[in-house]
Amino acid sequence: LGGGSISINELVRVNIRTSDLGPMAPDLYWDFSAAEGHSLTIPGDAEGVELIFDALSALEGVDYEAVTRAAGTTEDQLFTVWQKA
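The present account deals with the structure reproduced in this document.

Parameters and conventions
- Residues numbered from 1 in each chain as written.
- Predicted model: local features only at pLDDT ≥ 70, side-chain atom pairs only at ≥ 80, totals over all residues.
- Heavy atoms only, no water.
- Phe/Tyr/Trp six-rings, centres within 6.5 Å; stacked < 30°, edge-to-face > 60°.
- Buried < 20%, exposed > 50% of the residue type's maximum accessible area, 1.4 Å probe, protein only.
- Helix = DSSP H or I, 4+ residues; strand = E, 2+ residues; numbered from the N terminus.
- 1 Å grid on protein atoms, 1.4 Å probe; cavity = no way out; pocket = protein on both sides within 12 Å on 5 of 7 lines; lining within 4 Å.
- Points joined across faces, edges and corners; volume = space filled by probe spheres on them.
- Nonpolar A, V, L, I, M, F, W, Y, C, P; charged D, E, K, R; others polar.
- Core = buried A, V, L, I, M, F, W, Y, C linked by side-chain atoms within 4.5 Å.
- Contact = heavy atoms within 4.5 Å.

## Focus: the packing of aromatic side chains
- Per the stated rule, a full pass over the model turns up 2 aromatic pairs.
- Measuring from ring centre to ring centre gives 6.2 Å for Trp30 and Phe32, while their planes differ by 15°; the resulting arrangement is stacked.
- Judged by its relative accessible area of 4%, Trp30 is buried.
- A centroid spacing of 5.8 Å and a plane angle of 90° characterise the contact between Trp30 and Phe53, whose relative ring orientation is edge-to-face. Remark: Phe53 occurs in helix α1 (residues 52-56) and Trp30 occurs in strand β2 (residues 28-34); sequence separation between them is 23 residues.
- An aromatic cluster is defined as three or more aromatic residues linked by ring pairs; in this entry it consists of Trp30, Phe32 and Phe53.

Encoded structure:
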């Protein structure tokens, strides 16, 4: 709500949370966690969400298979897409 931002240089983890609420409600959320507890959550149906993949390309070791698994689930789960070494 209202937008937000987080520096890719400060990221420590990228997760996808899924829920069993779809298709009546958003059921996939991108969670970006940065140093010092800052975070940003983006619903999977947000405008421009496809641009997340452009940002992820700057990170080494992104687990794109986790993204695919998350997109195909209909349960409450947490998928780690990337974590800082």
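## Topic: the layout of surface pockets
- The volume enclosed by the largest pocket comes to roughly 150 Å³.
- Lining the largest pocket are Gly4, Ser5, Ile6, Ile8, Leu11, Phe32, Leu40, Ile42, Leu51, Ile52 and Ala55.
- Where the lining of the largest pocket is concerned, the elements lending two or more residues are β3 (39-43) and α1.
- A breakdown of the residues in the lining of the largest pocket according to their chemical character gives 9 nonpolar, 2 polar and no charged.

## A word on the nonpolar core
- Core analysis: the biggest nonpolar cluster contains 18 residues, and Val14, Ile16, Trp30, Phe32, Leu56, Leu59 and Val81 have the highest contact counts within it.
- Elements represented by at least two residues in this core include exactly β1 (11-18), β2, α1, α2 (64-71) and β4 (77-83).
- With near-sequence residues (within four places) excluded, Val81 lies in contact with Val14, Asn15, Ile16, Trp30, Leu56, Gly61, Val62, Asp63 and Val67.

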